[in-house]
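# Coordinate analysis (summary)
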Amino acid sequence: MHWPRLSVESVRPSRFLPPFCPWPECAAHRAPGRGFQRNGWYRKPSDVRRIPRFRCKVCWRSCSRQTFSTTYYLKRPALLVAVAAGLAACSAHRQIARSQNCSKTSVTRMTEHLGRHAILFHARSRKELPPIAETIVHDHGEVFIGRQDHALGIGTAVGSLSWFVYDMDPAPHRGSGRRPDRKPEGDPPVRVSGSYVRSIQRTFRGLLPHVFDGQPLVVNVDGRMDYRVAVRAPDLASRVELRIYPNPKRGPKGTPRSPEAIERDWAMFPVDQLHQFLRQSCSDHKRETISFGRRLESTMGRAHLLAVWKNFIKSRSERRPDRTTPAMRLGLTDTPWRWERLFSRRLFPDREQLSDSTLAIYRKRWTRSLPELALKHAA
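We now turn to the structure provided with this report. Computed from a prediction, not measured in an experiment: that's the story for all the values here. (Residues numbered from 1 in each chain as written. Predicted model: local features only at pLDDT ≥ 70, side-chain atom pairs only at ≥ 80, totals over all residues. Heavy atoms only, no water.)

## Description of the overall build of the protein
- Looking only at helices and strands, the protein features 12 helices and eight strands.
- Counting only residues that meet the buried cut, the protein has 48% of its 379 residues in that class.
- Carbon and sulfur atoms form 52% of the exposed surface of the protein, whose accessible area is close to 20,800 Å². (Helix = DSSP H or I, 4+ residues; strand = E, 2+ residues; numbered from the N terminus. Buried < 20%, exposed > 50% of the residue type's maximum accessible area, 1.4 Å probe, protein only. Areas by Shrake-Rupley, 256 points an atom, 1.4 Å probe, with all protein chains shown as cover.)

Structure (structure tokens):
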């Protein structure tokens with residue numbers, strides 16, 4: 001994967017030249033333009049170094065070297081790596097603010113900024129993926145948004161061999177609102193959730209272009225009826241092969257597992273491990289906590305940040321002396337990354353291949369605003 005090692009700020013002003021026009025309305029934003037001319041320089045209050053300015057020869061709008069930096073509008077750019085590392089270490093916003101001597105709102109705004117960058121970087125890494133030659137393991141991890149009757153299923157697609165997180169897609173639904181230790185008597189009725197079906201179809205449609213022509217997309221799933229309904233779509237019926245491993249009934253804690261349970265755990269281990277890792281590393285993914293996410297877009301942004309960290313920075317296994325990352329297993333990189341390299345360049349949404357659902361999450365248009373909900377109820 002072609003990604004610079006050094007940040008934009010480390011490039012000398014005399015050697016830096018904008019690679020494209022940052023304005024989306026300009027023709028040189030996606031296609032080669034007629035170049036740039038220098039337009040002076042300025043200094044930031046937090047940095048004494050000169051920052052050169054440029055003017056596009058197509059739209060004649062100005063930009064600077066800082067426009068292409070991940071810290072393009074931050075007053076304290078040194079907090080970027082510290083906040084990202086704190087979020088990956090299961091620290092809440094207030095805890096990070098205490099340790100970094102800053103305001104809690106500053107950490108919250110920076111978390112939103114990190115989530116948007118992670119969404120764009122994940123889309124960039126998916127564009128450079130090699131053809132998928134492994135089985136995909138898919139399941140939804142459950143989390144709450146604000147309260148327990150507002151549930152969110154995060155559909156995660158993980159490689160069975162590389163453990164690379166290929167996709168994360170939301171499936172908001174109504175939660176039961178019941179305590180997990182109070183289970184209803186009898187078997188629950190089999191129901192099909194339209195939100196889960198649409199989430200599964202979006203994930204499968206996004207992975208099919210990365211499969212060899214003529215080869216099916218092999219997916220290990222559990223016994224949810226939503227998967228069988230999702231693959232009935234005409235464009236998925238002949239191209240997706242489901243390997244179903246139902247969740248068997250388990251005995252009391254400490255009893256040996258049945259052969260069916262062992263087979264299911266081995267087949268679904270990569271995604272089960274990811275869900276356990278998310279609950280361990282994210283405060284808003286725990287079952288009983290006061291750190292619930294307040295908005296779907298924020299929860300998905302932080303989940304993408306953890307996925308990018310797991311793919312490129314974290315070693316594949318912590319119990320074995322294996323320093324390779326999932327991205328190294330797929331040939332995207334040759335060494336483990338650091339946070340500084342991940343934030344070396346700013347990404348622009350108009351230059352990345354984002355799906356409609358991902359773009360709605362990036363621009364915070366998935367959740368309806370309060371005025372829209374008020375008009376809906378009034379009607």
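## A look at the nonpolar core
- Among the nonpolar cores identified, the biggest contains 75 residues, and F121, Y166, F204, F312 and W339 are the most heavily contacted of them.
- With nine residues, the single largest contributor to this core is helix α8 (residues 296-312).
- With residues near it in sequence (within four places) discarded, Y166 still touches H122, R126, L129, I132, E134, I136, A157, V158, G159, L207 and L330.
- Among the nonpolar cores identified, the runner-up in size contains 12 residues, and C26, A28, C63 and F348 belong to it. (Core = buried A, V, L, I, M, F, W, Y, C linked by side-chain atoms within 4.5 Å. Contact = heavy atoms within 4.5 Å.)

## Quick notes on the pairing of strand β6 (residues 165-174)
- For β6, a buried count of seven out of 10 residues is recorded, marking the element as mostly surrounded by other parts of the structure.
- Here strand β5 (residues 147-159) runs beside β6; their pairing, made up of nine bridges, is antiparallel. Each bridged residue has a counterpart across the sheet, and for A151 the counterpart in β6 is H173.
- Between β5 and β6, which follow one another and run antiparallel, lie five residues, and W163 among them has a positive phi close to 65 degrees. (Pairing = 2+ DSSP bridges.)

## A short note on a positive patch on the surface
- Together, R94, R98, K104 and R294 make up a region of like positive charge exposed at the surface.
- Here R94 shows up in helix α2 (residues 93-100). (Patch = residues over 30% accessible without salt bridge, like charges linked within 9 Å, V, L, I, M, F, W, Y side chains within 5 Å. Salt bridge = Lys/Arg side-chain N within 4 Å of Asp/Glu carboxyl O. Lys, Arg positive; Asp, Glu negative; His and termini not counted. Charge placed at Lys NZ, Arg CZ, Asp CG, Glu CD.)

## Here we look at the sheet that holds strand β3 (residues 62-64)
- On the basis of which strands lie adjacent, the open sheet formed by three strands has the order β1-β2-β3 and antiparallel pairing. The strands lining the two open edges of the sheet, one partner per strand, are β1 (36-44) and β3. Between one strand axis and the next, the sheet turns by 30 degrees as a mean value, whatever way the strands run.
- When β1 meets strand β2 (residues 47-56), the two strands line up antiparallel, connected through six bridges. Residue pairing for β2: R38 is matched across the bridge by F54. (Axes fitted to C-alpha atoms, helices over the stretch in contact; angles between N-to-C directions.)

## Quick look at the sheet that holds strand β4 (residues 136-145)
- Taken in spatial order, the five strands line up as β6-β5-β4-β7-β8 in an open sheet, and their pairing is mixed. Every interior strand has two partners, whereas the edge strands, β6 and β8 (240-244), have only one. Here the strands of the sheet are splayed against their neighbours by 30 degrees on average, with no regard to which way each runs.
- Where α8 meets the sheet, it contacts β4, β5 and β6, and its direction lies at approximately 155 degrees from that of β6.

## Here we look at the packing of aromatic side chains
- Summed over all chains, the structure comprises 15 aromatic pairs.
- Seen from their ring centres, F312 and W337 are 4.9 Å apart, and the 40 degrees between their planes marks the pair as tilted. Here W337 lies in the loop between α9 (326-329) and α10 (339-342) and F312 lies in helix α8, a separation of 25 residues in the sequence.
- Under the relative-accessibility criterion, W337 is labelled buried at 4%.
- Here R316 stacks its cationic end above the ring of W163, 3.9 Å away from the centre of that ring. (Phe/Tyr/Trp six-rings, centres within 6.5 Å; stacked < 30°, edge-to-face > 60°. Lys NZ or Arg CZ within 6 Å of the ring centre and 35° of its normal.)

## What to know about the pattern of salt bridges
- Tallied over the full model, the rule gives 17 salt bridges.
- For R224, the salt bridge identified is with D226, shortest N-O distance 2.6 Å.
- Classification of R224 by relative accessible area gives partly exposed; the value is 31%.
- Residues R243 and E241 are paired through a salt bridge, measuring 3.9 Å at the closest nitrogen-oxygen approach.
- Overlapping salt bridges bring together R250, R257, R264, D265 and D272 as one network.

## Overview of the pairing of β4
- With nine of its 10 residues buried, β4 lies for the most part within the structure.
- Note: β4 against β5, 10 bridges, orientation antiparallel. Pairing of G141 across the sheet is with I154, part of β5.
- Here β4 folds back onto β5 in antiparallel fashion, the turn holding one residue, of which G146 has a positive phi close to 85 degrees.
- With two bridges connecting them, β4 and strand β7 (residues 217-221) associate as parallel partners. Residue pairing for β7: I136 is matched across the bridge by V219.

## Section: unusual backbone geometry
- Of note in the backbone geometry, W60 takes a positive phi value of approximately 60 degrees without being a glycine.
- Topologically, W60 is positioned in the loop between β2 and β3.
- You can call W60 partly exposed: its relative accessible area is 47%.
- In this structure, N101 is a non-glycine residue whose phi angle is positive, near 60 degrees.
- Here N101 shows up in the loop between α2 and α3 (104-127).
- Residue class for N101 comes out exposed when judged on its relative accessible area of 67%.

## Section: the side chain of T203
- Tracing the backbone through its elements, the reader meets T203 in helix α4 (residues 194-207).
- In this view, T203 contacts H138, A157, D167 and D169; residues no more than four positions away in its chain are not counted.

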